[in-house]
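One-letter residues, chain by chain:
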Amino acid sequence: MKNLFVILFLLFAANLFAQKINVTPITPYSGEHSPAYSFMYDKNTGQWTYANYDTARQKSILLGSKGNSDYYDFIADWNVIFDSQGNSYTYAYNNRGDEKYVYFFLINGKQHAFYDNISYAIVINNGILYFIAEQNEKSFLVKYDLDKQSMEYGKHYDRIYCFPDFEDIYYYEGSYTIYFTPEGKPVYIAEENNKKFVVTGDVESKKYDDIIDWNAKKDLKGMVCYTAAENTPKGRKEFVVQEMKEYRKFYGISYIDTFTTANVPVYAALDSVGPDKTLNYVISGNDVKSTGFDTWISNIEITPAGKLAYSGAVLTGKDKYKDVLYIDDEEIASYEAISYLSFDKKGKPFFIASKNEKSYVVYDDDVLNGGYSSIYNAGFLEDGRIFYAGVIYGDYEKKIKDRYFIHIGGEKFGPYDGIGPISEYPTSVVFSDKSGNYAYLITYITDFENYKYKHAVKSNKFESGKYDFISNLNIYKGNFYYFAENFYEDVFYYDDFFKNGTKIGEPFQNPGSVKFDKEKGIYSFVCVIDKNYSYVEIDLNR
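Residue numbers run consecutively from 1 along every chain, following the written order of its sequence. pLDDT decides what is reported in this predicted model: residues at 70 or higher carry local features, side-chain atom pairs at 80 or more are listed and counted, and totals for whole chains, interfaces and linings draw on all residues regardless. With hydrogens and water excluded, all non-hydrogen atoms of the structure serve as input to the side-chain values.

(A) Spotlight on the sheet that holds strand β41 (residues 403–408). Sheet architecture is open: four strands sit in the order β39-β40-β41-β42, paired in antiparallel fashion. At either end of the open sheet lies a strand with only one pairing partner, and these are β39 (374–380) and β42 (411–416). Taken over all neighbouring pairs, the strand axes of this sheet differ in orientation by 15° on average, direction set aside. Sheet topology places strand β40 (residues 386–392) next to β41; six bridges connect them, and they run antiparallel. Its bridge partner being in β41, Phe-387 is matched across the sheet by Ile-408. What makes two strands pair is DSSP finding at least two bridges between them. Helix and strand definitions here come from DSSP, where helices need a minimum of 4 consecutive H or I residues and strands a minimum of 2 consecutive E residues; each element is numbered from the N-terminal end. Only C-alpha atoms enter the line fits that serve as axes; for helices the fit covers just the stretch in contact. Angles between N-to-C directions range over 0 to 180 degrees.

(B) Main features of the packing of aromatic side chains. Aromatic pairing here means that ring centres of Phe, Tyr or Trp (its six-membered ring) are within 6.5 Å. Orientation follows from the plane angle: under 30 degrees is stacked, over 60 is edge-to-face, and everything else is tilted. The tally for this structure, following the rule as stated, stands at 52 aromatic pairs. Judged by centre distance (6.2 Å) and plane angle (70°), the ring pair of Phe-293 and Tyr-310 falls under edge-to-face. In this pair, Phe-293 is assigned in the loop between β30 (287–288) and β31 (297–302) and Tyr-310 in strand β32 (residues 308–317), connecting sequence segments 17 residues apart. We note that Phe-293, like Tyr-310, is buried. Put simply, the rings of Tyr-476, Tyr-481, Phe-483, Phe-497, Phe-508, Phe-516, Tyr-523 and Phe-525 pair up and form one aromatic cluster. Burial status follows relative accessibility: with a 1.4 Å probe on protein chains alone, a residue under 20% of its type maximum counts as buried, one over 50% as exposed, and anything between as partly exposed.

(C) Region of the structure containing unusual backbone geometry. Residue Pro-415 follows Gly-414 across a cis peptide bond; omega there is 5°. Inspection of the secondary structure puts Pro-415 in strand β42. Non-glycine residue Glu-357 carries a positive phi angle of around 65°. Examined against the element boundaries, Glu-357 turns out to sit in the loop between β36 (349–355) and β37 (358–363).

(D) Examining the environment of Lys-503 more closely. Checked against the element boundaries, Lys-503 lands in strand β50 (residues 502–517). Judged by relative accessible area, which is 34%, Lys-503 ranks as partly exposed. For Lys-503 and Tyr-50, which are 453 residues apart along the polypeptide, the C-alpha to C-alpha distance reads 30 Å.

(E) How the structure looks around the pairing of strand β29 (residues 277–284). With six of its eight residues buried, β29 lies for the most part within the structure. As paired elements, strand β28 (residues 265–274) and β29 share eight bridges and run antiparallel to each other. Its bridge partner lying in β29, Tyr-267 is registered against Ile-283. In this structure, the hairpin formed by β28 and β29 is closed by a connection of two residues, where Asp-276 is found at a positive phi of approximately 60°.

(F) Fine view of the sheet that holds strand β27 (residues 252–259). Strand order in the open sheet formed by four strands is β27-β28-β29-β30, and the pairing between neighbours is antiparallel. Because the sheet does not close on itself, it has two edges, and the strands there are β27 and β30.

(G) View of the environment of Val-526. With respect to the helices and strands, the residue Val-526 is situated in strand β51 (residues 522–529). Sequence separation between Val-526 and Val-514 is 12 residues; the distance between their C-alpha atoms is 7.5 Å. When residues no more than four places from it in sequence are discounted, the contact partners of Val-526 are Ile-26, Ala-36, Phe-39, Tyr-41, Asn-510, Pro-511, Gly-512, Ser-534 and Tyr-535. Should any heavy atoms of two residues lie within 4.5 Å, those residues are counted as being in contact.

(H) A look at the environment of Glu-485. Residue position: Glu-485 is located in strand β48 (residues 479–485). Take Glu-485: its relative accessible area is 8%, and that puts it in the buried class. Taking the C-alpha atoms as reference points, Glu-485 and Tyr-176, separated by 309 residues in sequence, lie 32 Å from one another. Excluding anything up to four places from it in sequence, Glu-485 contacts Tyr-467, Asp-468, Phe-469, Tyr-493, Tyr-494 and Asp-495.

(I) Structural detail: the pairing of β42. Alignment of β41 against β42, held across four bridges, turns out to be antiparallel. Residue pairing in the sheet places Ile-406 in a bridge with Phe-413 of β42. The hairpin formed by β41 and β42 contains two residues between the paired strands, and Gly-409 there has a positive phi angle of roughly 60°.

Set out below in C-alpha cells:
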C-alpha cells in the first residue's frame, strides 16, 4: 500500500509539473537599462533587435543581429517587423527644431528613405510592407516589395487618415492602422481640396465633405462601413456608407453598432425635430426601428433569434429620464439606466438596471440580488452561467473601505477590497471555460492611506499568493496560468510563472512581449537568463 501511495504521488507530481520550458539564448545582455523591454525576436529566423538609450547623448540606437542604426531622438522599437528572411523594418526620427522632424525608414538599422513624417505604424500584408508618409505637406501610401526590394509611392493627397484597428478589441483609446480588404487591398481615407473619400487599392470612392473615421465598423463581408457627411443649405447631414451604398441622411450618426444576419448596418442616429431639439433613433439600413428617444441610446443588440433589441432614454420630468428596453418594438422593461445587455442561448435578456442610485441584475423577468452602489461588469460564463461584479462604496474620509462582491451562478463571493481587471482593457473580469472553471483577480489594500495594494488570483480551484502585479492570466485545458511579480527599487523585475497557484520553474528576469497561443497552449516571451537575452517557450501540453 505504501509503495502504491508513492507511485500515485509521483504520477501526480509529474502531471502537476508537466509544462516544458524551452530556453533559446539569443545574444549577451551587457547591462542595458530596462533589459528586454524593447527586445524584438523573430523565432523563424533567429534575428533580433532592441533599442538602447544613451543618457550622455540623450539619443537611442537600434541594435540588431543584422546591423546597428545611427543614434536618433526616437526609434519606433515597438514597431519592428521582420520578413521571412529575418530582415527588420521600422522607423526613427530626429528633431530639426521649430517642431520639425525628419523621419527615416530603416531596414536592418540602415536608412533607406526619409520623409517629413511617418504618421501610422508600418504593416506587412501579402509580401508588401506599407506605411503612410508625408513630404512637402502631402501624404501618400508607401509600398515596399519585400522580394523585389523595390519601393512604390501612391498618389499624393493633402492628408491621409486611417480607420480604427478592427482586429484589436482593445482600441478604446484609438488604435488606427491601414486596413486591408479580404482580397488584400489597402484601405484608407484621403483628403484633397477639403473633400474626404475612401481609397481602396488605387480606386477612389465618392468624395464627401467629411468622413468620421472613429465610428467605422467592419461588416460581415469584411468591408469597411463608415459615416460620411455633406454640407447642405439646411445644414450638415450625416449618413452611413457601406461599399457604394449610401443610407438615409440624418442630423447626426452617433455610432454604427452591429449588422443584421443580412449584413445590413444597425446604428444610432439623431435627427432635428425643431430649433435646438433633436431625438435619437435606432436605424436598420434605411428603416427607423424605434420611437424617438430624448437622449442616449445605450444598447443595440441582435438576439439569438435575429430580433432587434435596443434601449434608449425618455424624458420623464425635469432632468429625469427612464431607460426603456425594447425587443422588436415591444417594451420589455424600464429603469433609470440599462447596461450590459446580453442574451442567453434561449434569447432571455440579461442586463444591469439602475434605480435610486443603486444597481440591480435583471434576468428575463426576475430581479436578482442587487442593491449595489454600482455593478460594473456582467455577462455569461462559457458554461452559460451568469456572473456580475458589484461594489458597495465606503467612505475614504472615515476610512471605510469599498466592499466588492462577485456573483457566479447562484453563488456570492466577497467582500474583497477590489475585483479586476486582470488586463488594461478587459472585456470581462472573469475568465472561464465550458467545463465550469473560472478565475478572477482580487485586490487587498495593504496601506489604506497611501493607496498600496496587493493582488491575487481567485478561482474555483485555488487562491494564489499576494503580489504587486499579476498578468497574462489564461485558462488552458481546465487549468489557470499566469505571471506574478513583486516590485523592487531597481530597474529589474522578476516574474514567477504559476499553474493553479503553484510556481513552475525559476523566476524570469524582465520578461517582455509575452504572447499566448490559445490553440497550441504555448506561452512565448523574451527575458534575461544567465546574462543572455533568451527566447522562452512554455509548452503547457508537456
